[in-house]
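Listed below, chain by chain, are the residues.
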Amino acid sequence: MGGVREDAGGVRAVRTGAVIMQSWPDLSVERHVRLARLCEEAGYDLVLFPEAFGVEGFSLCAAVAAATERIQVGNGILPIANRSPALTAMGAATVADASGGRFVLGLGAGHRAITTGWHELPDFEPRIGRVRDYLLAVRRILSGHVNERGYGLSFRAPERLPIHLAALRPTALRLAGELADGAQLLLIPLDDVARTAALVREGAERVGRDPAEVDVCFALMACVTNDPGPAREAARRTLAWYGGLPFYNAMFADGGFPDEAAAMARAWERLAADAGGRDAIVLPVDDVLEHVPDALIDAIFAIGSGPECRARLAALRTRGIDRATVYPFGPYADGAAAEEGFARTIVELAGA
């Protein structure tokens, strides 16, 4: 699935997928389906749907698979704390069967802001050992394993159902290389992508796997626009929010912005103390914005004209990844505006 692919000129051949964020107001199932069809028509090979607090992940993937013919469809990602391994395996097997084997299951540790704030689950502990055990449990169930109480899937899942891991920190990146079929990377400064991708390969090699078996996917948040100012402010707000999540904050520090990451962490600590906890999705992010420099936006996002964003995407071909996934975003107030903006970015970056 992964590995080095070169075209006739010796340049790394990087496939292109897409990520459709579903937390915009009124970004309905119908809009998701239309965007997925557009991705398929434009030549993308994979479309992923993160699950947060909007459309439910498996149901959405099933609807998209029913409306498309060729493109792979996946969760990008499902937080493991919100479902038992058995329920995840059931959902994955169902969508894989319904899609004719076009489904990719994406798993990740998740974040307290969603697991505790939205799902109201009190025992969130994002330990890497828990992610490892969860992935192995899902794999066992999908392979037909029957537990000691006699329970197992009542039908066979497709023989090869790819499982990807969301990977931000070195331990998770190496774990993806050891056990997963793919690694999904997000919000990494461009200059740090090669080092990050190498950790996935390192994980594969240390357990005797061929690194070519692991599909290293990097999601580039992009907005094709003739008015970059509002999109840059949307990017600043995005980074301000993610800067309050420990995994992402540490990743920003690793990527060359340690002082800025520390300032964001301190700002969030003050906000969380005032609000009684960091479990709320809506906190006064404005108090964090001053700690998000333009240089961090420039290092992570692609914002501007079609040619400018295409050049940014093309630069990933030299960064050691297998698939660049276009992650449209922007300063959109509702589902209609988001669909229009996403579609523009998807079309402009197709084939880059």
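Residues numbered from 1 in each chain as written. Predicted model: local features only at pLDDT ≥ 70, side-chain atom pairs only at ≥ 80, totals over all residues. Heavy atoms only, no water.

1. Examining the overall build of the chain
Part 1: Broken down by element type, the chain carries 14 helices and 10 strands.
Part 2: In terms of overall size, the chain behaves like a compact globule, its C-alpha atoms giving a radius of gyration of 19 Å where 352 residues would be expected to give roughly 20 Å.
Part 3: For the chain, with 352 residues in total, the buried portion stands at 55%.
Part 4: Summed over its atoms, the accessible surface of the chain is roughly 14600 Å², and 52% of this surface lies on carbon and sulfur atoms. (Helix = DSSP H or I, 4+ residues; strand = E, 2+ residues; numbered from the N terminus. Rg over C-alpha atoms; globule rule 2.2 N^0.38 Å. Buried < 20%, exposed > 50% of the residue type's maximum accessible area, 1.4 Å probe, protein only. Areas by Shrake-Rupley, 256 points an atom, 1.4 Å probe, with all protein chains shown as cover.)

2. A closer look at the packing of helix α1 (residues 29–42) against helix α14 (residues 335–349)
Part 1: Relative to each other, α1 and α14 sit at 10°, their axes nearing to 10 Å. Classified by the interaxial angle, the pair formed by α1 and α14 is roughly parallel. Within the contact between the two elements, α1 uses Arg31, Arg34, Leu35, Leu38 and Cys39 and α14 uses Gly335, Ala336, Glu339, Phe342, Ala343, Ile346 and Val347.
Part 2: Taken together, the residues of the contact of α1 with α14 break down into eight nonpolar, one polar and three charged. (Axes fitted to C-alpha atoms, helices over the stretch in contact; angles between N-to-C directions. Parallel < 35°, antiparallel > 145°, perpendicular 65-115°, else oblique. Contact = heavy atoms within 4.5 Å. Nonpolar A, V, L, I, M, F, W, Y, C, P; charged D, E, K, R; others polar.)

3. Re the environment of Asp45
Part 1: As for its placement among the helices and strands, Asp45 is situated in the loop between α1 and β2 (46–49).
Part 2: By relative accessible area, which is 22% here, Asp45 ends up partly exposed.
Part 3: With 27 residues separating them along the chain, Asp45 and Gln72 place their C-alpha atoms 6.1 Å apart.
Part 4: If we ignore the near neighbours within four places in the chain, the residues touching Asp45 are Arg15, Thr16, Gly17, Ile71, Gln72 and Arg323.

4. Focus on helix α8 (residues 228–242)
Part 1: In a regular helix each residue adds 1.5 Å, so 15 residues correspond to 21 Å; α8 covers 21 Å between its end C-alpha atoms and thus fits that length.
Part 2: For α8, the set of buried residues is Ala231, Ala234, Ala235, Arg236, Thr238, Leu239, Ala240, Trp241 and Tyr242. (Expected span 1.5 Å × (residues − 1).)

5. Quick word on the side chain of Arg236
Part 1: Counting through the fold element by element, Arg236 comes out in helix α8.
Part 2: Once you skip the residues sitting within four places of it in the chain, Arg236 turns out to touch Leu289, Val292, Pro293, Asp294 and Ile297.

6. Considerations on unusual backbone geometry
Part 1: Put simply, Gly76 and Ile77 share a cis peptide bond, and its omega is 20°.
Part 2: Within the fold, Ile77 resides in the loop between β3 (72–75) and β4 (78–79).
Part 3: Despite not being glycine, Leu187 shows a phi value in the positive range, around 60°.
Part 4: Within the secondary structure, Leu187 is located in the loop between β7 (182–186) and α7 (193–206).
Part 5: Accessibility expressed as a relative area gives 1% for Leu187, which makes it buried.

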